[in-house]
Amino acid sequence: FVLDAGGVRWGIDLGTESDRVLKNHYDPKKFEMYREGTFGQNTWQFTGPAEDDDKKKKGPAKKGALPDAPEGCQPLDAKAEIVAFTSTPERGTAIIDLSDAYSRYVKDLKRGVMLVRAASPYVLMQDEINIKSGTPTWVMHTKATVAAEGNKATLTSGSSKLTMTILSPAGAKFSSGEVDEKKWKANEQIGSFKGITVLKVALQGKGEQTLAIAFS
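Since we're looking at a predicted model, the values are computed, not measured.

Chemist: Can you lay out the sheet that holds strand β14 (residues 207-215) for me, pointing to particular residues and giving the numbers?
Modeler: Spatially, β4-β5-β6-β7-β14-β11-β10-β9 is the arrangement adopted by the eight strands of the open sheet, whose pairing is antiparallel. Strand pairing shows two members of the sheet lacking a second neighbour, β4 (81-87) and β9 (145-149), which therefore form its edges. Mean inter-strand twist for the sheet, computed between neighbouring axes without regard to direction, equals 15 degrees. The pairing of strand β7 (residues 122-131) with β14 spans nine bridges and is antiparallel. Paired with E128 across the bridge in β14 is T210.

Chemist: How would you sum up the pattern of salt bridges? Please name residues and give values.
Modeler: In this structure the tally under the stated criterion is four salt bridges. When the shortest N-O distance is used, the salt bridge between D127 and R111 registers 2.8 Å. With D127 in strand β7 and R111 in strand β6 (residues 106-116), the pair connects residues that are 16 residues apart, well separated along the chain. Each of the two residues, D127 as well as R111, counts as buried. Salt bridges here are not isolated pairs; linked through shared partners, they connect D97, D108 and K110.

Chemist: Which residues make up unusual backbone geometry, and what values do they have?
Modeler: The linkage connecting S168 with the following residue, P169, adopts the cis geometry, with an omega of 0 degrees. Inspection of the secondary structure puts P169 in the loop between β11 (160-168) and β12 (174-177).

Chemist: Run through the nonpolar core, naming residues and quoting values.
Modeler: Counting 33 residues, the largest nonpolar core has W138, L155, M164, F174, I213 and F215 as the members making the most contacts within it. Ranked by residue count, the leading element in this core is β7, at four residues. Listed in part, the 14 residues of the second largest apolar core include F31, Y34, I196 and V198.

About the cut-offs
Residues numbered from 1 in each chain as written. Predicted model: local features only at pLDDT ≥ 70, side-chain atom pairs only at ≥ 80, totals over all residues. Heavy atoms only, no water. Pairing = 2+ DSSP bridges. Helix = DSSP H or I, 4+ residues; strand = E, 2+ residues; numbered from the N terminus. Axes fitted to C-alpha atoms, helices over the stretch in contact; angles between N-to-C directions. Salt bridge = Lys/Arg side-chain N within 4 Å of Asp/Glu carboxyl O. Buried < 20%, exposed > 50% of the residue type's maximum accessible area, 1.4 Å probe, protein only. Core = buried A, V, L, I, M, F, W, Y, C linked by side-chain atoms within 4.5 Å.

It is worth stressing that arrangement in space is one thing and function is another; only the former is reported here.
This is the structure we're talking about:
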């Protein structure tokens, strides 16, 4: 996702690598690049092995088959369906089913977004997730200055501010840091990660959980 508010793009897209780097959308080389792969997107990241990985039989790939996604990455042929959408003068809502993109790690994952139009407008992002394996982390990239403490994060860009608040689950906290240049830079062909902050929320445990974050 990207997030704009008050004339500022708070949740940014890092852009893409140049056409000379990747042959096409299904080029497996994209998994090696931060901007092109799952880890460079404002979405969920999973670390650790998937529950079913050790059950898969290893063998020669079928002709024309897409390459398997590495640990934590979305499959190249994953689909996300908009399963609900409403719009009124007061608010707009949409729900996207992300289960296919993370089927190795979850039984179900739906992301809902609500934009409330009011004197003090705000955005609510709520993820309903049923975890079966791995450790999930919610991620957003920003060029803003970030001050994160507990369940709140304050983003500052010039004279503009955005407050992010974790409404659930109880005990969930924000953390922030930089892109690991040593890990990813060798595979990047263009651009720099300077000035980019990665805001994260890590969840613990398995089973059904709800992560709700308000932006105001």
